[in-house]
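So you can see what is in the structure, the chains are spelled out below.
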Amino acid sequence: MSILPLALLLFSLKMALGFYGPTLQNHPPESAPLLSLTTLKKYYNAALFYRIHSLELEHLGDMNGERRSLKHYDPSDLKKWFQSIDVLSSQPDLLPFLATFYYGPSPPLKETCITFLETHCDHNPKAKWRWLAHALTLENNPAKALNISKKLAAYGKTYTLPLWVKDAEARAHSRQGNHNGARLLFQAILDDPNNTLSPEEIHFLESILHSLKSYFSSFR
């Protein structure tokens, strides 16, 4: 079946939402898709409803300073939107993209977005770990950032992900001034007999450890 008709429908809907944007902006997003109807939509045509509701969410808020500011939105309402759309399908990346780059930078909505990104990653950590990394960049609370980095580092080891994922917890400790804890974690990555580090990554870790050892030596 050709996807052209669906693509045209979605394009027309996007244009319509953009044209009637001022009308949409007069109302905060409290009218999120009801979870009681989400199951029905999921079995009827989950992909279509996912795209429609994601487009609605994309056109709520303040794109260029001319409409309703995101800071006036109720985080609990946004949470309902996230939940209802994510239940339809956890495979697409449009919803976590909106949570990260559109709603996430707004301070009142940041915590809601971080929680959603962490939950979304839990659907399939092997494929969705990047969204947990984005949640970490949004988190300003040191204790919460440490918890997220610990979870990210565990995924890095389990799924053989890039070094910057594996050493996320170590870097978080270093940023928070716990250099000894960071040193031990960096060393553990280097000493892991099952590691798949390249020669360049090994050299990189050794240089970090050398810097940390020099840091401690300066206080003796």
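For the structure, see preceding data.
Because the structure is a prediction, the values reported are computed rather than measured.

## Some remarks on the overall build of the chain
Phase 1 of the analysis: A tally of regular secondary structure across the chain gives 12 helices and 0 strands.
Phase 2 of the analysis: Walking the chain from its N terminus toward its C terminus, one meets helices and strands in the order α-α-α-α-α-α-α-α-α-α-α-α.
Phase 3 of the analysis: Sorting the 220 residues of the chain into buried and exposed places 41% on the buried side.
Phase 4 of the analysis: Residue pairs at least 24 apart in sequence account for 63% of intrachain contacts in the chain once pairs closer than 6 positions are excluded.

## Focus on the packing of helix H4 (residues 75-88) against helix H6 (residues 107-123)
Phase 1 of the analysis: Orientation of H4 relative to H6, taken along the N-to-C sense of each, is 20°, at an axis distance of 9 Å. Taken together, the axes of H4 and H6 are roughly parallel relative to one another. Both H4 and H6 take part in a crossing whose hand is right-handed. Of H6, the residues touching H4 (which contributes Pro75, Leu78, Lys79, Phe82 and Asp86) are Pro108, Leu109, Thr112, Cys113, Phe116, His120 and His123.
Phase 2 of the analysis: Looking at the contact of H4 with H6, its residues break down into 7 nonpolar, 3 polar and 2 charged.

## Focus: the packing of aromatic side chains
Phase 1 of the analysis: For the structure on display, the rule yields 6 aromatic pairs.
Phase 2 of the analysis: The interplanar angle of 55° and the centroid separation of 4.6 Å between the aromatic rings of Tyr102 and Tyr103 together place this pair among those described as tilted.
Phase 3 of the analysis: A ring pair is formed by Trp129 and Trp164, whose centres lie 5.6 Å apart and whose planes are at 55°; its orientation type is tilted. Residue Trp129 is found in helix H7 (residues 125-138), and its partner Trp164 is found in helix H9 (residues 163-166); the two are separated by 35 residues along the sequence.
Phase 4 of the analysis: Judged by its relative accessible area of 4%, Trp129 falls in the buried class.
Phase 5 of the analysis: Judged by its relative accessible area of 43%, Trp164 is partly exposed.

Each value, and the rule that gives it
- Residues numbered from 1 in each chain as written.
- Predicted model: local features only at pLDDT ≥ 70, side-chain atom pairs only at ≥ 80, totals over all residues.
- Heavy atoms only, no water.
- Helix = DSSP H or I, 4+ residues; strand = E, 2+ residues; numbered from the N terminus.
- Buried < 20%, exposed > 50% of the residue type's maximum accessible area, 1.4 Å probe, protein only.
- Contact = heavy atoms within 4.5 Å.
- Axes fitted to C-alpha atoms, helices over the stretch in contact; angles between N-to-C directions.
- Parallel < 35°, antiparallel > 145°, perpendicular 65-115°, else oblique.
- Left-handed = near helix turned anticlockwise from the far one by under 90°.
- Nonpolar A, V, L, I, M, F, W, Y, C, P; charged D, E, K, R; others polar.
- Phe/Tyr/Trp six-rings, centres within 6.5 Å; stacked < 30°, edge-to-face > 60°.

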